[in-house]
Amino acid sequence: MADSAQAQKLVYLVTGGCGFLGEHVVRMLLQREPRLGELRVFDRHLGPWLEELKTGPVRVTAIQGDVTEAHEVAAAVAGAHVVIHTAGLVDVFGRASPETIHEVNVQGTRNVIQACVQTGTRFLVYTSSMEVVGPNTKGHPFYRGNEDTLYEAVHRHPYPCSKALAERLVLEANGREVHGGLPLVTCALRPTGIYGEGHQIMRDFYRQGLRLGGWLFRAIPASVEHGRVYVGNVAWMHVLAARELERRAALMGGQVYFCYDGSPYKSYEDFNMEFLGPCGLQLVGARPLLPYWLLVFLAALNALLQWLLRPLVLYAPLLNPYTLAVANTTFTVSTDKAQRHFGYEPLFSWEDSRTRTILWVQAAGSSAQ
Ligand SMILES: NC(=O)C1=CN([C@@H]2O[C@H](COP(=O)(O)OP(=O)(O)OC[C@H]3O[C@@H](n4cnc5c(N)ncnc54)[C@H](O)[C@@H]3O)[C@@H](O)[C@H]2O)C=CC1
Ligand SMILES: C[C@@H](CO)CCC[C@@H](C)[C@H]1CC[C@H]2[C@@H]3[C@H](O)CC4=CC(=O)CC[C@]4(C)[C@H]3CC[C@]12C
């Protein structure tokens, strides 16, 4: 902020602050943002862990609300200096309707932007996704790409479509005049597949492995590389981006940044084994045990069953045509844009990220027994 206001305490709002990533952003802000005066945590479902944060030196305000309700968003945003908008409906399994995904991810983001404009909040960091780029419907690999890599970003699935639309809204809003006459400054961060403490899919794989007597079965070739990034580093990148947006508005405003760290490039399953292996699981097969055409068939069957059963029950397994395509397509990033633009360096080494995740998987697994 301006020199004369060095000591000014700032009000931050984190939407989706009780989600997997949101909780890490909230905790990271409390630990690493010295100018934080008040932290507003906005979510549809508030976590009980928020209570323990209320006893610290920073005022923590829990706000139960829905990003699709414009008036609730406006009330939460009013008076905030910075908004970190991570709230979103992350659904690639067909649990929610395409309309609901659009409503939360696109209209919700529109409401956040509108609230900033109406109330005079100038700084907005949006959690986008690698899915805004790809993998595309044609299964083209994106190999060690960066923010400038040319790639045919064609989507049909509601989740990536909604993230792409929302990201565009955020970037187009950069420079818009907010209440008070100053310009809005926005940027979008694009995590690849996030892992770490609180990662529910990792926990589900662990439990599944335990149920199968300690075995998991390879379904995807080891040669398909997936970009993964540790949740603590994604949170740190949000905190840094939010902090630097004013000072570097001309450089950062309207920009996108992939989220990256030192996590190794591996296939989705081999990467998961970095954590599940030390927890006692084994991945069977150097090659996929089932032929790819059979997986395609099973994924299509799951989609059909989901559609047929929908009037009776929600059937939403991990494997469907979309998740198979994502899991089976190389998508890795190699960039230093966040380092060049706002000095980002990962806070957690790969070794730390791995150890923290293993400890969490062990604890989450045993609490399920
Ligand atoms: N999990 C991943 O691997 C990746 C996630 N992302 C993005 O990161 C963000 C956070 O994702 P996760 O933490 O994984 O998901 P999550 O589901 O754990 O967290 C999302 C949070 O948003 C809240 N929320 C959902 N709908 C809401 C609404 N209508 N109003 C208010 N709050 C609402 C949920 O209650 C939840 O606490 C999302 O925007 C997602 O698109 C991006 C790339 C990868
Ligand atoms: C075929 C199965 C055999 O074991 C494995 C199925 C794994 C899938 C459920 C996951 C593979 C890749 C994941 C996605 C990827 O990490 C990118 C994502 C980014 C987001 O913004 C949201 C989550 C996700 C789409 C993530 C979802 C789960 C996978 C498809």
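Rules used throughout
- Residues numbered from 1 in each chain as written.
- Chains lettered and ligands numbered in written order.
- Predicted model: local features only at pLDDT ≥ 70, side-chain atom pairs only at ≥ 80, totals over all residues.
- Heavy atoms only, no water.
- 1 Å grid on protein atoms, 1.4 Å probe; cavity = no way out; pocket = protein on both sides within 12 Å on 5 of 7 lines; lining within 4 Å.
- Points joined across faces, edges and corners; volume = space filled by probe spheres on them.
- Helix = DSSP H or I, 4+ residues; strand = E, 2+ residues; numbered from the N terminus.
- Nonpolar A, V, L, I, M, F, W, Y, C, P; charged D, E, K, R; others polar.
- UniProt positions renumbered as here; feature names shortened; annotations may be inferred.
- Near = heavy atom within 4 Å.
- Polar contact = N/O pair within 3.5 Å; in protein donor to acceptor, adjacent residues only side chain to side chain.
- Areas by Shrake-Rupley, 256 points an atom, 1.4 Å probe, with all protein chains shown as cover.

Attention now goes to the layout of surface pockets. Its boundaries defined by the atoms lining it, the second largest pocket holds a volume of some 350 Å³. Contributing to the lining of the second largest pocket are 20 residues, with Phe93, Gly94, His157, Gln306 and Arg310 lying nearest its centre. Those elements that place two or more of their residues in the lining of the second largest pocket are α4 (98–119), α10 (292–309) and α11 (321–327). A total of four residues in the lining of the second largest pocket trace back to one element, the largest contributor, which is α10. Within the lining of the second largest pocket, the residues separate by chemical class into twelve nonpolar, six polar and two charged.

For the rest of this paragraph, the subject is the UniProt feature "transmembrane region" (unreviewed entry) in the protein. UniProt marks residues 289–309 with the feature "transmembrane region" (unreviewed entry), using the numbering shown here. Across residues 289–309 one finds 86% helix and 0% strand; the C-alpha atoms that close the span lie 28 Å apart.

With respect to spatial proximity, 17 residues lie near ligand 2, and among them Ser129, Glu131, Tyr159, Gly193 and Glu269 are the closest. Between ligand 2 and serine 129 there is a distance of 2.7 Å, counted from an oxygen atom to a side-chain nitrogen or oxygen. Here an oxygen atom of ligand 2 and a side-chain polar atom of glutamate 269 are 3.0 Å apart. Notes on ligand 2: free accessible area 630 Å², of which the protein chains cover 89%. Contributing elements (two or more residues each) for the shell around ligand 2: α9 (268–276) and α11. Top contributing element to the shell around ligand 2 by residue count: α11, with three residues.

Around ligand 1, 25 residues are found, and the nearest of them are Leu21, Asp43, Asp66, Tyr159 and Lys163. One nitrogen or oxygen atom from the side chain of aspartate 43 is found 2.6 Å from an oxygen atom belonging to ligand 1. Between ligand 1 and tyrosine 159 there is a distance of 2.6 Å, counted from an oxygen atom to a side-chain nitrogen or oxygen. With the chains in place, 85% of the 810 Å² that ligand 1 exposes on its own is no longer accessible. Those elements giving two or more residues to the shell around ligand 1 turn out to be α1 (20–32), α5 (158–173) and β8 (193–195). The residue inventory of the shell around ligand 1, partitioned by class, reads ten nonpolar, eleven polar and four charged.

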